[in-house]
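Summary of the model geometry
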Amino acid sequence: MSRYLDPRADVVFKRIFGEHPHLLISFLNAVLPLAEGRKIVTLTYLPSELVPKIPTLKRTITDVRCTDDQGRVFIVEMQINWTDSFKQRLLFETSQAYVKQLEKGEDYHLLEPVYVLGLISASFDKSEQWYHHYQLVNVAKPVKEIIEGLQLIFVELPKFKALGTKDTLRLLWLRFLREINQDTQEVSPELLAIPEIQEAVELAEEAAYTPAELLAYEQYWDAVRIEKTIKHDAHAEGKAEGKAEGKAEGKAEGK
């Protein structure tokens with residue numbers, strides 16, 4: 001029986017989507033809110049930039065320049081987020097990716113639209129909505145007047161529910177990210193029925209990784225656990241301080 005690694009870890013995600021453009025094209029076409037007639041047909045990986053090291057987990061998974069079937073070009077930056085400030089981070093990263101396209105003195109017409117896709121591995125509110133798409137619009141005419149330069153998309157992976165054999169390709173790719181991990185005993189037939197997803201499943205098999213890559217994989221999840229522990233402790237400390245201050249104020253008012 002094959003043992004699988006969680007594709008949300010950067011070493012696995014990059015193996016699947018950073019080394020196999022056709023898989024990334026399939027994934028992005030399924031997950032991004034692209035208009036009809038704007039399917040990605042080719043993409044080019046952009047040079048990696050220096051990013052902060054874990055456990056802050058502020059790391060970019062991959063940046064690509066995409067060309068659709070009408071010859072239009074746009075940039076997609078992908079991240080897996082574990083922090084509470086992911087919305088601010090996505091906005092910051094989108095702005096950075098947009099601005100850094102131009103060298104000093106270049107004309108603004110050379111700027112290409114930028115999408116940032118954030119895959120969120122924890123729920124952040126109690127609503128049932130799990131797919132969130134933000135863009136700049138004229139608030140008086142949000143449908144007719146849209147500025148396409150910056151678009152933010154984030155997906156709460158734990159929230160969406162498997163719908164069976166009628167799952168769309170979007171849901172099937174997201175199920176792959178959510179369902180494949182060390183505890184996987186059997187891969188759903190619905191996933192294996194899609195050739196690109198079947199290939200991605202095979203690339204997530206532990207046997208395909210070197211000892212050094214497996215060590216990096218474990219270090220990644222250690223960092224995630226540390227980050228969550230730090231946040232939990234900070235939250236608990238804040239609640240304790242709040243209770244202590246409340247008691248002190250109550251005593252003072254009583255006196």
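For the structure, check the block above.
Presented here is an overview of the structure given in this document. Every value quoted in this text rests on a predicted model; they were computed, and no experiment measured them. (Residues numbered from 1 in each chain as written. Predicted model: local features only at pLDDT ≥ 70, side-chain atom pairs only at ≥ 80, totals over all residues. Heavy atoms only, no water.)

Across the interface, helix 2 (residues 21-31) lies against helix 6 (residues 195-203) with an axial gap of 10 Å and an inter-helix angle of 125 degrees. Relative to helix 6, the element helix 2 lies oblique. Crossing handedness for the pair helix 2 and helix 6: left-handed. Residues His22, Leu23 and Ser26 of helix 2 form the contact with helix 6, whose participating residues are Glu196, Glu199, Ala200 and Leu203. (Axes fitted to C-alpha atoms, helices over the stretch in contact; angles between N-to-C directions. Helix = DSSP H or I, 4+ residues; strand = E, 2+ residues; numbered from the N terminus. Parallel < 35°, antiparallel > 145°, perpendicular 65-115°, else oblique. Left-handed = near helix turned anticlockwise from the far one by under 90°. Contact = heavy atoms within 4.5 Å.)

Before going further, it helps to spend a moment on the packing of aromatic side chains. Taken as a whole and assessed by the stated rule, the structure comprises ten aromatic pairs. Between Phe13 and Phe17, the ring centres sit 4.7 Å apart and the planes meet at 50 degrees, which makes this aromatic pair tilted. Placement of the pair is Phe13 and Phe17 together in helix 1 (residues 10-17), with a separation of four residues, close to one helical turn. One exposure class covers both Phe13 and Phe17, and it is buried. Ring geometry for Tyr217 versus Trp221: centroids 6.3 Å apart, planes at 75 degrees, classification edge-to-face. Taken together, the residues Tyr217 and Trp221, both in helix 7 (residues 211-254) and four residues apart, mark about one turn of the helix. (Phe/Tyr/Trp six-rings, centres within 6.5 Å; stacked < 30°, edge-to-face > 60°. Buried < 20%, exposed > 50% of the residue type's maximum accessible area, 1.4 Å probe, protein only.)

Turning next to the nonpolar core. Counting 53 residues, the largest nonpolar core has Phe17, Phe27, Leu28, Leu32, Leu117, Leu119 and Phe176 as its most contacted members. Ranked by residue count, the leading element in this core is helix 2, at seven residues. Residues within four places of Leu32 in sequence aside, it is in contact with Ile40, Phe74, Val76, Tyr115, Leu117, Tyr131, Ile153 and Arg170. (Core = buried A, V, L, I, M, F, W, Y, C linked by side-chain atoms within 4.5 Å.)

What follows deals with the packing of helix 1 against helix 4 (residues 169-179). At a minimum axis separation of 12 Å, helix 1 and helix 4 run at an interaxial angle of 145 degrees. Considering how the two elements wind past one another, helix 1 and helix 4 form a crossing that is right-handed. Of the residues in helix 4, those in contact with Phe13, Ile16 and Phe17 of helix 1 are Trp173, Phe176 and Leu177. Among the residues making up the contact of helix 1 with helix 4, the classes are represented as six nonpolar, no polar and no charged. (Nonpolar A, V, L, I, M, F, W, Y, C, P; charged D, E, K, R; others polar.)

Another point: the environment of Glu218. In this structure, Glu218 sits in helix 7. Once the C-alpha coordinates of Glu218 and Ala9 are considered, the two residues, 209 residues apart in sequence, prove to be 9.1 Å apart.

It is worth spelling out helix 4 at this point. Residues three or four positions apart in an α-helix share a direction because the helix packs 3.6 residues into each turn. Along helix 4, the residues that are buried comprise Leu171, Leu172, Trp173, Leu174, Arg175, Phe176 and Leu177. The inward-facing, buried residues of helix 4 contact helix 1, helix 2, strand 4 (114-120), strand 6 (146-156), helix 5 (189-192) and helix 6.

Here the focus is helix 1. Judged by how many residues are buried, helix 1 sits mostly within the fold: seven of eight residues are covered. Taken together, the buried positions of helix 1 are Asp10, Val11, Val12, Phe13, Arg15, Ile16 and Phe17.

Note that Asn181 resides in the loop between helix 4 and helix 5. Taking relative accessible area as the criterion, Asn181 reaches 16% and is therefore assigned buried. In this structure Asn181 touches Tyr4, Leu5 and Asp6, once residues within four positions along its chain are discounted.

What follows deals with a nonpolar patch on the surface. On the surface, Val137, Val139 and Ile146 cluster together into a nonpolar patch covering about 260 Å² of accessible area. Mapped onto the elements, Ile146 comes out in strand 6. (Patch = residues over 30% accessible without salt bridge, like charges linked within 9 Å, V, L, I, M, F, W, Y side chains within 5 Å. Areas by Shrake-Rupley, 256 points an atom, 1.4 Å probe, with all protein chains shown as cover. Salt bridge = Lys/Arg side-chain N within 4 Å of Asp/Glu carboxyl O.)

Below, the discussion takes up the pairing of strand 6. Along a regular strand, successive side chains alternate from one face of the sheet to the other. Taking burial as the measure, the eleven residues of strand 6 include eight buried ones, the bulk of the element. Where strand 4 meets strand 6, seven bridges bridge the pair, whose relative direction is parallel. Note that in strand 6 the partner of Ile120 across the bridge is Glu156. Pairing of strand 5 (residues 131-137) with strand 6, which is carried by seven bridges, proceeds in the antiparallel orientation. (Pairing = 2+ DSSP bridges.)

Evaluation of the coordinates by the stated rule reveals eleven salt bridges. Two residues, Asp6 and Arg8, come together in a salt bridge whose shortest N-O distance is 2.6 Å. Taking relative accessible area as the criterion, Asp6 reaches 3% and is therefore assigned buried. Here Arg175 makes a salt bridge to Glu179, at a shortest N to O gap of 2.6 Å. Of the two residues, Arg175 and Glu179 are both situated in helix 4; the distance of four residues between them amounts to about one turn of the helix. The exposure class assigned to Arg175 is buried, which follows from its relative accessible area of 4%. Ionic contacts of the salt-bridge type, sharing partners, join the residues Arg15, Glu19 and Glu213 into one network.

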